[in-house]
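# Structure at a glance
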There are 2 protein chains.
Amino acid sequence: MNKPKIVILGAGYGGLMTATRLQKSLGVNEAEITLINKNDYHYETTWLHEASAGTLHHDRARYKVETVIDRSKVKFVKGTVTGIDKENKVVNLVEGDYQYDFLVFALGAESETFGIKGLKEHAFSISNINSARQIREHIDYQFATYATEEEKREDRLTIVVGGAGFTGIEFLGELANRIPELCKEYDVDHNSVRVICVEAAPTALPGFDPELVDYAVNHLTSRGIEFKIGTAIKEATETGIIVGKDEDIEEIKAATVVWAAGVRGSSLIEAAGFEAMRGRVKVDSNLRAPGQDDVFIIGDSSLVINEEVNRPYPPTAQIAMQQGETCAKNLTVLVRGQGELEDFTPDLKGTVCSLGEHDAIGVVFGKKVTGSTASFMKKMVDNRALFMIGGPSLVLKKGKFNIL
Amino acid sequence: MNKPKIVILGAGYGGLMTATRLQKSLGVNEAEITLINKNDYHYETTWLHEASAGTLHHDRARYKVETVIDRSKVKFVKGTVTGIDKENKVVNLVEGDYQYDFLVFALGAESETFGIKGLKEHAFSISNINSARQIREHIDYQFATYATEEEKREDRLTIVVGGAGFTGIEFLGELANRIPELCKEYDVDHNSVRVICVEAAPTALPGFDPELVDYAVNHLTSRGIEFKIGTAIKEATETGIIVGKDEDIEEIKAATVVWAAGVRGSSLIEAAGFEAMRGRVKVDSNLRAPGQDDVFIIGDSSLVINEEVNRPYPPTAQIAMQQGETCAKNLTVLVRGQGELEDFTPDLKGTVCSLGEHDAIGVVFGKKVTGSTASFMKKMVDNRALFMIGGPSLVLKKGKFNIL
């Protein structure tokens, strides 16, 4: 019984793809596969902006890991990873230690506040099911409280979104849909509500096609969202945020601040002694940590350079899933000691950024799309992720079919 | 055009009953009837414990005043009453003044904190749609926050209910139903939740049949509610409540404190110079303020003595509605200047206290009832109030038919 032990950390897009591909490619007697995850469920990170705004129930954005795992081949452990001992090939969990022969590190991203004072304490971040649910309930509570206040607190219904990147814009789109519902639910006048997006960069959605950026900003502006572009958040406080620099600062009072401007790789990466930039390891062509043939790093904690522009690919679900496929293939080769390791090459099909339920912008197969076409594409992208991991039955169970 | 002006303040049980009866008994040319209410809707005060616990949506517990008003006969004014000038027969509103020949004061109850320190600032009260909605959202938010906390705040999910009277017990019954749902919604272990009822009197439900009180307390205890009977709240603080007296005090930490132990009549009663006890005026047999033939006072700001026990009847929806009927009859007599004024005699059909969705206790037509029979009765009582004011169509629209 000398089966090699494969331990996969994280049941996100990358980890779960690795596990589901491995359970197809390897026989029961070829390896002992263990999948470790903090929760007993997988959640759709790319749908959290909807759960946070309250436009999609969080249960629609998650499913039990066991629904896609073949338990005869993959052992699932619900546990919280606290560290990795590369020398001794051991993973430490709150619940105990696990020995590995091959490790797949797929623990995903953490919120990055770039050292901005007060953000950790006073801002929410769209990070996981728990935090999304809390944002939703926090906003609801502000509306409920506003309705009971004798003296209305003016900034009670002001929501600041920090960052006009992908997550920020998608969250704003959902808020634009949600606010009228909230006004109705809590008997609040729409004019009492303000949603302000603050972005330090000189444009929203940096890196996106300017025509599409205009489309998005105009769309959201017409639905009441205010933009402060080229404006840096200096500090978050108990009562809101402070923007600007040097003497030229301004306070924006807001009962709700959501930070949607940055992610970094897992802090366990640095703690384990991997060389990394903000928790991201520049992996080799086979997706392994440099000089560490037994450790694969995929998803948001890995860094792959796009040679065409000599810059890293942004961390996306699409890339994480493709990495999971390559990782599973390479593990199969290593376990069997035969065949050739595959180089990872991202196959980018496009990017679609939603702007609420029935609008979106994107570039798909090199073509710009907007409006209901883009919105349809977005839902197909979401359904595709379900299909890749859980097949047609998961699409039927959790898919998005609210198509105009 | 010298039609007498009848002004009705409040569209609660008493005021709305008066208005709907008057629009039947008086012709268009006999009187000018104005109904003034803070909101454009009536709400079921006796259902607010459900809206507060989140077991019934608040929209189910309210309906637009105009749905039951005949606008050819009753003018509805959405306005907030600030005072009454008896001498000049004028009602002052934030929005302007209204002259009356006959006034019906039916503004309902206010929360009474008996001077307990901190209650106003730190405790919620089940008073109206707004406050009920806020309690619901506050509790939801505590659950959502608990799920995100790294270090769980132990008293985050502790709910203190002040008072084991009618409202307190009914609210506890709904909480017992709601807590399992909340645990599911927020992935929280039921054992992390505590619901504690604190009552100063030596028994729960003072005045109720002891056998029924035992039934209620046992039922709620078996569903996880803790009781501290004979325990007075000394103070409410930012972190919970302090109970006991003199040196023998104890702090109960709780993120949620709901005060359900007392109501008083409207504070406008005293401000207007009526002789009153805690905002309640001992009205004459025709329901008028003593020595004030043009002012009827009904509902929670009126006080009617039960001669049998020489104590005031408790303020209930049942009595308020019956007063509304008598008030409308007497106004008709006064407007026409013919007929005889009617004496008000309460016709108590019984009292049912719900213990959640499918259980209750009560005395109906002199008979003790418990369990599903009592629960059924309770729903019929609720439906009857709808029927009395809005007829069968309102029962169909807002009635309770969730019968086991």
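As a reminder, the structure under discussion sits directly above these lines.
Below you will find a few notes about this structure.

Calculation rules
Residues numbered from 1 in each chain as written. Chains lettered and ligands numbered in written order. Predicted model: local features only at pLDDT ≥ 70, side-chain atom pairs only at ≥ 80, totals over all residues. Heavy atoms only, no water. Least-squares fit on C-alpha atoms with pLDDT ≥ 70 in both. Contact = heavy atoms within 4.5 Å. Axes fitted to C-alpha atoms, helices over the stretch in contact; angles between N-to-C directions. Helix = DSSP H or I, 4+ residues; strand = E, 2+ residues; numbered from the N terminus. Left-handed = near helix turned anticlockwise from the far one by under 90°. Nonpolar A, V, L, I, M, F, W, Y, C, P; charged D, E, K, R; others polar. Phe/Tyr/Trp six-rings, centres within 6.5 Å; stacked < 30°, edge-to-face > 60°. Buried < 20%, exposed > 50% of the residue type's maximum accessible area, 1.4 Å probe, protein only. Lys NZ or Arg CZ within 6 Å of the ring centre and 35° of its normal. Core = buried A, V, L, I, M, F, W, Y, C linked by side-chain atoms within 4.5 Å. Patch = residues over 30% accessible without salt bridge, like charges linked within 9 Å, V, L, I, M, F, W, Y side chains within 5 Å. Areas by Shrake-Rupley, 256 points an atom, 1.4 Å probe, with all protein chains shown as cover. Salt bridge = Lys/Arg side-chain N within 4 Å of Asp/Glu carboxyl O. Lys, Arg positive; Asp, Glu negative; His and termini not counted. Charge placed at Lys NZ, Arg CZ, Asp CG, Glu CD.

For the rest of this paragraph, the subject is the relation of the copies chain B and chain A. The two copies are related by a screw motion: chain B maps onto chain A through a turn of 180° and a shift of 0.1 Å along the axis, at an RMSD of 0.0 Å. Viewed as a symmetry operation, the transformation between the two copies matches a two-fold axis. A high fraction, 100%, of the interface residues of chain B reappear at the interface in chain A, so the copies pair face to face through one surface.

Let us now look at the packing of helix H1 (residues 13–25) of chain A against helix H8 (residues 317–336) of chain A. All names here are of chain A. Two elements in contact, H1 and H8, have axes separated by 7 Å at closest approach and are oriented at 40°. The interaxial crossing formed by H1 with H8 has right-handed handedness. Note on element contacts: H8 touches H1 through Ala 317, Ala 320, Met 321, Gly 324, Glu 325, Cys 327, Ala 328, Leu 331, Thr 332 and Arg 336, opposite Tyr 13, Gly 14, Met 17, Thr 18, Arg 21, Leu 22 and Ser 25. Within the contact of H1 with H8, the residues separate by chemical class into nine nonpolar, five polar and three charged.

Take the packing of aromatic side chains next. Think of a pair of aromatic rings as described by two things: how far the centres are apart, and how the planes are tilted against each other in angle. Throughout the structure, instances matching the rule amount to seven aromatic pairs over all chains. Ring centres 6.3 Å apart and planes at 50° place the aromatic pair Phe 166 of chain A and Phe 208 of chain A in the tilted group. One end of the pair, Phe 166 of chain A, is in helix H5 (residues 166–185); the other, Phe 208 of chain A, is in the loop between strand E13 (194–199) and helix H6 (210–222), with 42 residues separating them in the sequence. Taking relative accessible area as the criterion, Phe 166 of chain A reaches 30% and is therefore assigned partly exposed. Residue Phe 208 of chain A is classed as buried on the basis of its relative accessible area, which comes to 17%. Taking 6.4 Å as the distance between ring centres and 55° as the angle between the ring planes, the aromatic pair formed by Tyr 41 of chain B and Tyr 43 of chain B counts as tilted. Across the pair, Tyr 43 of chain B and Tyr 41 of chain B agree in class, each one buried. The cationic tip of Lys 152 of chain A hangs over the ring face of Tyr 146 of chain A; the distance from NZ or CZ to the ring centre is 5.1 Å.

Time to look at the nonpolar core. Generally speaking, soluble globular proteins have nonpolar side chains that are buried together. Of all hydrophobic cores here, the largest spans 92 residues; its most connected members are Phe 143, Ile 169 and Leu 172 of chain A together with Phe 143, Ile 169 and Leu 172 of chain B. Each residue touching Leu 172 of chain B, except ones within four places of it in the same chain, is listed here: Val 161, Val 195, Cys 197, Leu 220, Ile 225 and Phe 227 of chain B.

Residues and elements named next belong to chain A. Together, Asp 246, Glu 247, Asp 248 and Glu 250 make up a negatively charged patch on the protein surface. Position of Asp 246 among the secondary structure elements: in the loop between strand E16 (240–245) and strand E17 (248–253). On the accessibility criterion, Asp 246 (66% relative accessible area) is exposed.

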